[in-house]
Amino acid sequence: MNKILTALCIIGMSMLPTLSRAQGIESGQSMISLYGGLGAALQKSGLEADRENLSWGNIGGEVGLSYFWFPDAHLGFGADLNLAGFQGSEIFHRDVPGWRHWHTFESDMEMNMLNLMAAGRLNVNPDSPIRLYFPFGAGIVFTEGEIRYMWDGKEIDNESELGTSFGWYAGIGLEFDQSDHLAWGIEARYNSFWYDYTDLADYHRRWNGKETEQSYISLTLNIRFK
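Anyway, here's the lowdown on the structure attached to this text. (Residues numbered from 1 in each chain as written. Predicted model: local features only at pLDDT ≥ 70, side-chain atom pairs only at ≥ 80, totals over all residues. Heavy atoms only, no water.)

## Overview of a nonpolar patch on the surface
On the surface, Leu122, Val124, Ile130, Leu132, Phe134, Phe136, Ile172 and Leu174 cluster together into a nonpolar patch covering about 590 Å² of accessible area. Of all the secondary structure elements, the ones that give two or more residues to the nonpolar patch are strand E7 (130-151) and strand E8 (154-177). For the nonpolar patch, the leading source of residues is E7, giving 4 residues. Among the structural elements, Val124 can be located in the loop between strand E6 (102-123) and E7. (Patch = residues over 30% accessible without salt bridge, like charges linked within 9 Å, V, L, I, M, F, W, Y side chains within 5 Å. Areas by Shrake-Rupley, 256 points an atom, 1.4 Å probe, with all protein chains shown as cover. Salt bridge = Lys/Arg side-chain N within 4 Å of Asp/Glu carboxyl O. Helix = DSSP H or I, 4+ residues; strand = E, 2+ residues; numbered from the N terminus.)

Given below as structure tokens:
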């Protein structure tokens, strides 16, 4: 982590002469952004068996594309499309005695999603080459949850279920102008969606599941063209 922060500081300092010549954001301007980063779930799935709770997203990755148009320099509207994938927890349900040794039966979970959002962005200081802003959005989330079952470490079965729900996000970002037409930045988001675990839980009748609101935080690096 310290090495990453040091590298970001060096990059930022090297851009300072360029930043002073940039013009910020102007009314009527458009912006296209490419971004990618990491995410982590803020709660577990609620799928329980043998007093254990399966996590849907200990850690994950996210990539996305967004477009904004700024009718006013302080406020922009557009669309955001991103893909996110999360690996959840692995649970050993029990040890099963065998003829020569004990066998292990386990399961793990992952969650993948496609987010299609109408998006907005509030710029605190649009005229500055170093900008603070607040992104937000809402739309449709297409989600696939999958549970894999393994015997002695080898996959023997799996089940997946698709879901569609309303989702939204809100966050904070810091943006640096590289030139009048190129910028980069760091953005943190709180993301929320719903997923119905009922069908996934009924498989093998091992879990107890229901429709649950899930959320995660994400931190991304952004490259923007304006």
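## Some points on the packing of aromatic side chains
Here the structure, examined in full by the defined rule, presents 9 aromatic pairs. An aromatic cluster of three or more residues is present, and its members are Trp56, Phe86, Phe193 and Tyr216. (Phe/Tyr/Trp six-rings, centres within 6.5 Å; stacked < 30°, edge-to-face > 60°.)

## Side note on the pattern of salt bridges
A full pass over the atoms with the stated rule returns 10 salt bridges. Between Arg224 and Glu175 there is a salt bridge; the shortest N-O distance is 2.8 Å. Here Glu175 lies in strand E8 and Arg224 lies in strand E10 (residues 211-225), a separation of 49 residues in the sequence. By relative accessible area, which is 3% here, Arg224 ends up buried. Classification of Glu175 by relative accessible area gives buried; the value is 0%. A salt bridge links Glu187 to Arg224; its shortest N-O distance comes to 3.1 Å. With Glu187 in strand E9 (residues 182-196) and Arg224 in strand E10, the pair connects residues that are 37 residues apart, well separated along the chain. Both residues of the pair, Glu187 and Arg224, count as buried. What you see here is one network of salt bridges that share partners, running through Asp80, Arg121, Arg131, Glu175, Asp177, Glu187, Arg189, Arg224 and Lys226. (Buried < 20%, exposed > 50% of the residue type's maximum accessible area, 1.4 Å probe, protein only.)

## Some remarks on the environment of Leu114
With respect to the element layout, Leu114 can be found in strand E6. Relative accessible area serves as the criterion here: at 28%, Leu114 is assigned to the partly exposed category. Sequence separation of Leu114 and Val141 is 27 residues, and the distance between their C-alpha atoms is 5.7 Å.

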